[in-house]
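Analysis of the macromolecular model
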Amino acid sequence: MSYALALERLASLEVVGVATRLPLAAQPAALWRAQLPALLLTPLEVEGQPFFRERSGQAFQASSFDAGPHLASAQANHLLFVAPAQPALGSHLPRLAHLIDSYLLALKDNPTLGGALARPARVHLEARTLTWGSVDYLACVFRHHWELAL
């Protein structure tokens, strides 16, 4: 399967409680309150805001092609924006926790994204504030680690 197909299927993942799902081709410069909570898909880091402290430094890593399964490792980031971080950050924390649970349940029901992945996705998550379009949001980054069949 292809990386592009895996990204497309992740962008279409239906998560209970999420109002807006934005694929790669529809990344907005800013988010409107009516779009929240929103999921935005990106294979990139947001400039100046590394999502995770420990990074491998490699987005793709190919396995040996001479024996065994032919796999490529890849990663993508799914960003969940819940609400503007100001003024009442704490009041949105229960909603964030609920949406994280909903996201993980949706992924549990579709761990290979409809067969786009060779193995079920591994996902690391980080709840944090995240700036998008000069606004700070209460957010969660879901970093997906995938194995794709070649």
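Here, every reference points to the structure presented above.
Remember, predicted model here, so these are calculated numbers, not experimental data. (Residues numbered from 1 in each chain as written. Predicted model: local features only at pLDDT ≥ 70, side-chain atom pairs only at ≥ 80, totals over all residues. Heavy atoms only, no water.)

Thoughts on the nonpolar core
Membership of the largest hydrophobic core comes to 31 residues, with the highest contact counts inside it found for Leu80 and Trp146. Of all elements in the fold, only α1 (3-11), β2 (38-42), β4 (71-84), α2 (93-108) and β6 (135-149) reach the threshold of two or more residues within this core. Once residues lying within four places of it in the same chain are set aside, the contact partners of Leu80 are Val18, Pro37, Ala38, Leu39, Leu96, Leu99, Leu138, Ala139, Cys140 and Phe142. Counting 12 residues, the second-largest nonpolar core is a separate cluster that includes Phe81, Leu130, Tyr137 and Ala139. (Core = buried A, V, L, I, M, F, W, Y, C linked by side-chain atoms within 4.5 Å. Buried < 20%, exposed > 50% of the residue type's maximum accessible area, 1.4 Å probe, protein only. Helix = DSSP H or I, 4+ residues; strand = E, 2+ residues; numbered from the N terminus. Contact = heavy atoms within 4.5 Å.)

As for the environment of Ala121
With respect to the helices and strands, Ala121 occurs in the loop between α2 and β5 (122-132). Of the residues examined, Ala121 reaches a relative accessible area of 18% and is grouped as buried. In contact with Ala121, not counting residues within four places along its chain, are Pro111, His144, His145 and Trp146.

Here we look at the pairing of β2
Judged by how many residues are buried, β2 sits mostly within the fold: five of five residues are covered. Here β2 shows two buried faces, one formed by Ala38, Leu40 and Thr42 and the other by Leu39 and Leu41. The pairing of strand β1 (residues 20-22) with β2 spans three bridges and is parallel. Bridge pairing in β2 links Arg21 to Leu39. Where β2 and β4 come together, five bridges link them in antiparallel fashion. If you follow Leu40 over to β4, its bridge partner there is Leu79. (Pairing = 2+ DSSP bridges.)

Quick word on α2
Its 16 residues give α2 an end-to-end C-alpha distance of 23 Å, which sits within 8% of 22 Å, the value for a rise of 1.5 Å per residue. Listing the buried residues of α2 in full gives Leu96, Leu99, Ile100, Ser102, Tyr103, Ala106 and Leu107. Buried positions in α2, seen along its axis, are confined to an arc of 165° and lie on one side of it. The exposed set on the far side of α2, more than 90 degrees from its buried face, consists of Pro94, Leu105 and Lys108. Those residues of α2 that are buried lie in contact with α1, β2, β4, β5 and β6. (Expected span 1.5 Å × (residues − 1). Arc of directions from axis to C-beta.)

What to know about α1
Here α1 has its buried residues at Tyr3, Leu5, Ala6, Leu7, Leu10 and Ala11. In this fold, the buried residues of α1 make contact with β1, β2, β4, α2 and β6.

Examining the pairing of β6
Counting buried positions along β6 yields 11 of 15 residues, so the element is predominantly enclosed. Across 13 bridges, β4 lies against β6 in antiparallel orientation. Residue pairing across strands places Ala74 opposite Trp146, the latter belonging to β6. Looking at chain direction, β5 and β6 are connected through 11 bridges and run antiparallel. Of the residues in β6, the one forming a bridge with Arg128 is Ala139. Hairpin connection from β5 to β6: two residues lie between these consecutive antiparallel strands, with Gly133 at a positive phi of about 60°.

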